[in-house]
Amino acid sequence: MLKIWSMKKEQQKAENSDGGAAGGAAGGPKKKKVTAAQLRVQKDLNELSLGTTMRTDFPDPDNILSFILYIEPDEGMYKGGRFSFTFNITPNFPHEPPKVQCREKIYHPNIDLEGKVCLNILREDWKPVLNLNAVIVGLQFLFLEPNASDPLNKEAAEDLRNNREMFKRSVRSAMMGGSVRGEGFDRVAI
Amino acid sequence: MSPGPVYPSSEPARWKYLDRIRTRPGPFTPQPFNGETSAKYMDKMKILVIGAGGLGCELLKNLALSGFKNIHVIDMDTIDISNLNRQFLFRQSDVGKFKAEVAAAFVEKRVKGVKITPHNCKIQDFDEDFYMQFQLVVCGLDSIEARRWINATLVNMVDEELDDTIKPLIDGGTEGFKGQARVILPNITSCLECQLDMHAPRAAVPLCTLASIPRQPEHCIEWAHVIAWDKEKPFPQLDKDDPEHITWLYQKALLRAQEFNISGVTYSLTQGVVKNIIPAIAATNSVIAAACCNEALKIATNCAPYLGYPENNYMMYSGNDSIYTYTFKHEKKDDCPVCGVSARELTVDPKWTLQELVDSFATRPEAQLKKPSVRAEGKTLYMQSPPSLEAQTRPNLEKTLAEGLGLVDGQEIGVTDPAFATVSFKFKLKFT
Ligand SMILES: [Zn+2]
């Protein structure tokens, strides 16, 4: 009754250049299909440009939806530190952004003490056309240009705004594992 | 006063006008058309409704009243008191019962001759064999994830040799005064994954606004949800359906709101924000469900041209600023990870090493991949990059496909190559 069948035939006639048709006999045990999210992440991972300052670590290589990114900035105030972020990607990727969290307690205006990151493309400005590379570029940028106008750590943002030199010294001391304003930080200096 | 015509029961009268529509050709009816067989076909066909919520109630009622006789409905949810304002098949005494079951029983009782089979479970609980029994699928879902799943399943089911493996998917969706109805002919027209950009990802407030300058009650609730919860972890895992958890968030949000002099934080707003509930408007559901149902009727009987082929496949409706509707053709995307790449058959020797398989992609005329990365679902076979993953998967290159890596005949693999940034490939292994 549905006229789709005849349409389908027409369409195939128009496209008949196409080579190997899929299909094959039905039956046999059900095989797991490659999901759209997984295929997209696979592609995104292939396109990561990590350069010399970043590397990845996959605790389970079979699960590419969960990994750690290490960043070692080679310039700016955070130079000399090693920072790591967990990436957790949901099956709804790329409709939803990846969930990214800093694993160390660091002194940074855009990263809070629990590791939450204020980066627009991880939340309000995420779009499915963005890829994982856009996210790592964004993270890298946060270390080069900490931004006092989007504070997640209000104290750090105030310090950056009020006295840039003192802020720099506080960053150094926090990276060495010291305290700033009575708050202790993780040692990330290498 | 002369009495009207008397029917043996009220039932035949109920279908009288419907039969005029589905058995007689109209000015736009595609030819050839045989009304008699159309109606008979409809009596026999099996149609699946996914979702028995706001849209689902409307869909079930409309489909039954449009003459569909054999309907199945899937919904895993139970009835909540807050559903009763628009999900009109439910009564207060039904609170706590399964939506699919109550909706099916209600419509069966009201419309004689229709059989509705409820399934109180997730769509993911069924496999292709289940979905294969239907001729038409109508979705009234509120989750993108569920939509993507059923879309991928229906696209994957298409076997080019077998016509009746193509199951038209009619999808309805609403958000406040806005909505859409669309028809997907799996593998033929643009699929839901192709159209993913039509769904704006949920509007999120910048994290720093939540953290430092909340202005609205919603900001306080989101703060409690994404920041306070993680910090204090009152329960190991947030369960959005647990009143105790919502109460915790509500109280946190309330304190935060008081601190910033913001009013309007309530328990139900907390629940709405946390569960990302967009206020549903009953009448928008009616408009969209009616459009979906009419398309189902036309697809089933061919009594008039329908949405989906060859041109227009998407109808958007907006009541935000007066009324605006627009029907257009959403193009199929060549690089769609679901329908743009149908899995091609790949004949391989199970005794091949993975290296041999990887090398073979370079010479295959349809692929010509110089740096292919290869994965099966749940198993990373070989990734050319990033370097750490390359090192971890390199040992796989020496292993044989069947024995060494555990791949089986008919298994699907995904292949990507940075040289083809926009395309990925899927292959179905065929062992020699
Ligand atoms: Zn598609």
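Residues numbered from 1 in each chain as written. Chains lettered and ligands numbered in written order. Predicted model: local features only at pLDDT ≥ 70, side-chain atom pairs only at ≥ 80, totals over all residues. Heavy atoms only, no water.

### Brief notes about the interface of chain A and chain B
Link 1 in the chain: If you look at the interface, chain A gives 55 residues, while chain B gives 83 residues.
Link 2 in the chain: Interface of chain A and chain B: buried area, both sides summed, is about 6300 Å²; carbon and sulfur atoms make up 55% of it.
Link 3 in the chain: For the interface between chain A and chain B, the tally reads two salt bridges.
Link 4 in the chain: Note that Asp230(B) is salt-bridged to Lys116(A), the shortest N-O span being 2.5 Å.
Link 5 in the chain: Viewed at the interface, chain B and chain A are joined by 20 residue pairs in polar contact (both at pLDDT 80 or more). (Contact = heavy atoms within 4.5 Å. Buried area = accessible area lost by both parts, 1.4 Å probe. Salt bridge = Lys/Arg side-chain N within 4 Å of Asp/Glu carboxyl O. Polar contact = N/O pair within 3.5 Å; in protein donor to acceptor, adjacent residues only side chain to side chain.)

### A few points about the sheet that holds strand S10 (residues 373-376) of chain B
Residues and elements named next belong to chain B.
Link 1 in the chain: Overall, mixed pairing links the five strands, which are arranged S9-S13-S12-S10-S11 in an open sheet. The two strands at the open ends of the sheet, each matched to only one other strand, are strand S9 (344-348) and strand S11 (379-382). The mean angle between the axes of side-by-side strands here comes to 35°, regardless of whether they run parallel or antiparallel. (Pairing = 2+ DSSP bridges. Helix = DSSP H or I, 4+ residues; strand = E, 2+ residues; numbered from the N terminus. Axes fitted to C-alpha atoms, helices over the stretch in contact; angles between N-to-C directions.)

### Here's the deal with the nonpolar core
Nonpolar side chains in soluble globular proteins generally cluster together in the buried interior.
Link 1 in the chain: Of all hydrophobic cores here, the largest spans 49 residues; its most connected members are Leu63(B), Phe68(B) and Ile71(B).
Link 2 in the chain: Sorting elements by how many residues they give to this core places helix H11 (residues 282-301) of chain B first, with eight residues.
Link 3 in the chain: Apart from the residues lying within four places of it in its own chain, the contact partners of Ile71(B) are Ile47(B), Val49(B), Leu60(B), Leu63(B), Ala64(B), Val114(B), Lys115(B), Ile116(B) and Thr117(B).
Link 4 in the chain: If you look at the next biggest cluster of nonpolar residues, it comprises 46 residues, including Leu48(A), Ile136(A), Met175(A) and Val188(A). (Core = buried A, V, L, I, M, F, W, Y, C linked by side-chain atoms within 4.5 Å. Buried < 20%, exposed > 50% of the residue type's maximum accessible area, 1.4 Å probe, protein only.)

### Re unusual backbone geometry
Link 1 in the chain: Note the cis peptide between Phe93(A) and Pro94(A), where omega equals 0°.
Link 2 in the chain: Examined against the element boundaries, Pro94(A) turns out to sit in the loop between strand S3 (83-88) and strand S4 (99-102).
Link 3 in the chain: Unusually for a residue other than glycine, Arg181(A) sits at a positive phi of about 50°.
Link 4 in the chain: Within the secondary structure, Arg181(A) is located in the loop between strand S5 (179-180) and strand S6 (183-184).
Link 5 in the chain: The phi torsion at Asn187(B) lies on the positive side, around 75°, for a residue other than glycine.
Link 6 in the chain: By secondary structure assignment, the location of Asn187(B) is in the loop between strand S6 (178-184) and helix H7 (207-212).
Link 7 in the chain: When its relative accessible area of 10% is taken as the criterion, Asn187(B) is described as buried.

### A look at the UniProt feature "domain: UBC core" (unreviewed entry) in chain A
Link 1 in the chain: The residues that UniProt annotates with the feature "domain: UBC core" (unreviewed entry) are residues 36-180 of chain A.
Link 2 in the chain: Within residues 36-180 of chain A, the helical portion is 31% and the strand portion 15%, while the C-alpha atoms at the span's ends are 45 Å from each other. (UniProt positions renumbered as here; feature names shortened; annotations may be inferred.)

### Let's talk about the sheet that holds strand S1 (residues 46-50) of chain B
All names here are of chain B.
Link 1 in the chain: Read across the open sheet, the eight strands follow the order S3-S2-S1-S4-S5-S6-S7-S8; overall the sheet is mixed. What marks the edges here is a single partner per strand, and that holds for strand S3 (115-119) and strand S8 (324-328). Direction aside, neighbouring strands of the sheet carry axes that sit 15° apart on average.
Link 2 in the chain: Looking at chain direction, S6 and strand S7 (residues 314-318) are connected through five bridges and run antiparallel. By the bridge assignment, Arg182 is partnered in S7 with Tyr314.
Link 3 in the chain: Lying on the sheet, helix H6 (residues 144-157) is in contact with S1, strand S4 (136-140), strand S5 (169-175) and S6; it crosses S5 at an angle near 170°.

### Regarding the UniProt feature "active site" (unreviewed entry) in chain A
Link 1 in the chain: In the UniProt entry, the feature "active site" (unreviewed entry) is given for Cys118(A).
Link 2 in the chain: For Cys118(A), the position within the fold is in the loop between S4 and helix H3 (132-144).
Link 3 in the chain: In this view, Cys118(A) contacts Asn110(A), Leu142(A), Asp150(A), Leu152(A), Leu207(B) and Cys208(B); residues no more than four positions away in its chain are not counted.

### Observations regarding the coordination of the zinc ion
Residue and element names in this part refer to chain B.
Link 1 in the chain: For the zinc ion, every protein donor is listed as Cys191 (SG), Cys194 (SG), Cys336 (SG) and Cys339 (SG), and the spread of their distances is 2.2 to 2.3 Å.
Link 2 in the chain: In this structure, the zinc ion is coordinated by four donor atoms arranged in tetrahedral fashion, with angles at the metal of 97 to 121°.
Link 3 in the chain: Here the donor residues of the zinc ion are spaced in sequence according to C-x2-C-x141-C-x2-C. Linking Cys191 in the loop between S6 and H7 with Cys336 in the loop between S8 and S9, this pair joins segments that are 145 residues apart in sequence. Note on accessibility: Cys191 and Cys336 belong to one class, buried. (Donors = N, O, S within 2.8 Å, 3.2 Å for Na, K, Ca; no water. Tetrahedral: all angles 85-135°; square planar, octahedral: opposite > 155°, others 65-115°.)

### Some details on the packing of helix H9 (residues 243-259) of chain B against helix H10 (residues 267-274) of chain B
When two helices pack together, their arrangement is captured by the angle between the axes and the distance separating the axes.
All names here are of chain B.
Link 1 in the chain: One way to put it is that H9 packs onto H10 with a least axis distance of 9 Å and a crossing angle of 105°. The pairing of H9 with H10 is recorded here as roughly perpendicular in orientation. Contacts between H9 and H10 pair Pro243, Ile246, Thr247, Leu249 and Tyr250 from the former with Tyr267, Thr270, Gln271 and Val274 from the latter.
Link 2 in the chain: Classifying every residue of the contact of H9 with H10 gives six nonpolar, three polar and no charged. (Parallel < 35°, antiparallel > 145°, perpendicular 65-115°, else oblique. Nonpolar A, V, L, I, M, F, W, Y, C, P; charged D, E, K, R; others polar.)

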